[in-house]
Amino acid sequence: MSAKYIFNLCSEDRRRADLPGKILIAQHDAETLAHVTLKLLAFLIFWRPRLQLETTLHQDDIPFIPDLAQLDYSLQPALWVECGECTVAKLDKLAVKCHDAEIWVVKRSLSEVEQLHAAMKKAELRTDRYSLLALDLEMFNEVRDLVQQRNEVTLYACEFDPPKFQFDFNGLWFDAEFQVLRF
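Residues numbered from 1 in each chain as written. Predicted model: local features only at pLDDT ≥ 70, side-chain atom pairs only at ≥ 80, totals over all residues. Heavy atoms only, no water.

A. Representation of the packing of aromatic side chains in the model. Counting across every chain of the model gives 10 aromatic pairs. Relative to F174, the ring of F167 has its centre 5.1 Å away and its plane inclined at 15°; by these criteria the two rings are stacked. In terms of burial, F167 and F174 fall into one category: buried. Through pairs of rings, three or more aromatic residues link up here, namely F46, W104, F160 and F178. (Phe/Tyr/Trp six-rings, centres within 6.5 Å; stacked < 30°, edge-to-face > 60°. Buried < 20%, exposed > 50% of the residue type's maximum accessible area, 1.4 Å probe, protein only.)

The following block contains the structure:
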């Protein structure tokens, strides 16, 4: 592990469940600060009770560790979120192994999502199984550059229809949109 980042969380969005007061995201040796930032933003976007960061599933038939996951009451993945780099082969296996889960991939920009979408189409992955979320690249880069060892985050709004993401990060206001593509 190369670094640990603490994010003190607060929510002013009354339509969503309360965020936990704090999360810790570990930056592993092979990970970049961009990956840590993607996990944070995905955590805010997909927040729901029982959402976990990098949880071990303890299932031999699922050899992967998700960036974010929500398990149902039988400890099967109900939501699986991959942040950043994710191979098409891994996505194909996830659709088989986690057949009841919502599968999401979060990328920094629309161009990255479009590249993944094209690769998935070329590999003939089954359709109507995946959702791809593209953040605003300028917003993402600015947040990444503001990440410190200790951070303050207040979520004001996160909606999918229409896509809207409003939050305060270390004293700076962000009001961004994101895009979702289905595959």
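B. How the structure looks around the side chain of T37. Within the secondary structure layout, T37 lies in helix α1 (residues 33-46). Owing to a relative accessible area of 0%, T37 belongs among the buried residues under this scheme. (Helix = DSSP H or I, 4+ residues; strand = E, 2+ residues; numbered from the N terminus.)

C. Looking closely at the pattern of salt bridges. Applying the stated rule across the entire model yields 10 salt bridges. Here R14 makes a salt bridge to E12, at a shortest N to O gap of 3.6 Å. Overall, the relative accessible area of 64% leaves R14 in the exposed class. With relative accessibility at 37%, the residue E12 sits in the partly exposed group. Between E54 and K39 there is a salt bridge whose closest N-O contact spans 2.4 Å. (Salt bridge = Lys/Arg side-chain N within 4 Å of Asp/Glu carboxyl O.)

D. Layout of the sheet that holds strand β9 (residues 163-169). A sheet is described by the order of its strands in space; here 5 strands give the open sequence β2-β1-β8-β9-β10, paired in mixed fashion. The open sheet terminates on both sides in strands that have one partner only, identified here as β2 (22-27) and β10 (172-176). Direction aside, the axes of adjacent strands within the sheet are offset by 25° on average. Alignment of strand β8 (residues 150-160) against β9, held across 7 bridges, turns out to be antiparallel. (Pairing = 2+ DSSP bridges. Axes fitted to C-alpha atoms, helices over the stretch in contact; angles between N-to-C directions.)

E. Unusual backbone geometry, seen in detail. Geometrically, the link from D161 to P162 is a cis peptide bond, its omega value of -5° lying close to zero. Although it is not a glycine, L75 adopts a positive phi angle of roughly 65°. By the secondary structure assignment, L75 is in the loop between β4 (68-71) and β5 (77-83). Look at L75 and you get exposed, because its relative accessible area is 54%.

F. Molecular detail of the nonpolar core. By size, the foremost hydrophobic cluster in this structure holds 40 residues, and its most contacted members are F7, F46, L135 and F165. If we skip the residues at most four places from it in the chain, L135 touches L38, L41, I45, V106, K107, R108, S109, L110, F140 and F178. Of all hydrophobic cores here, the second largest spans 22 residues; its members include C98, M120, L132 and F183. (Core = buried A, V, L, I, M, F, W, Y, C linked by side-chain atoms within 4.5 Å. Contact = heavy atoms within 4.5 Å.)

G. View of the environment of A3. One can find A3 in strand β1 (residues 3-11). C-alpha separation for the pair A3 and V113, spaced 110 residues apart in sequence, amounts to 28 Å. The contacts of A3, once residues within four sequence positions are left out, are I25, A26 and Q27.

H. Spotlight on the sheet that holds strand β7 (residues 130-134). Pairing is mixed in the open sheet, where 6 strands are placed in the order β3-β4-β5-β6-β7-β11. What marks the edges here is a single partner per strand, and that holds for β3 (51-53) and β11 (179-182). When the angles between neighbouring strand axes are averaged without regard to direction, this sheet yields 20°. Bridging between β5 and strand β6 (residues 102-107) involves 5 bridges; their strand directions are parallel. Bridged to V81 within β6 is W104. Relative to β5, α1 is tilted by about 145°, and along the sheet it contacts β3, β4, β5, β6 and β7. The strands touched by helix α2 (residues 88-97) are β5, β6 and β7; relative to β6, the strand with the most contacts, the crossing angle is about 155°.

Purely geometric stuff here, so don't read any function into it on its own.
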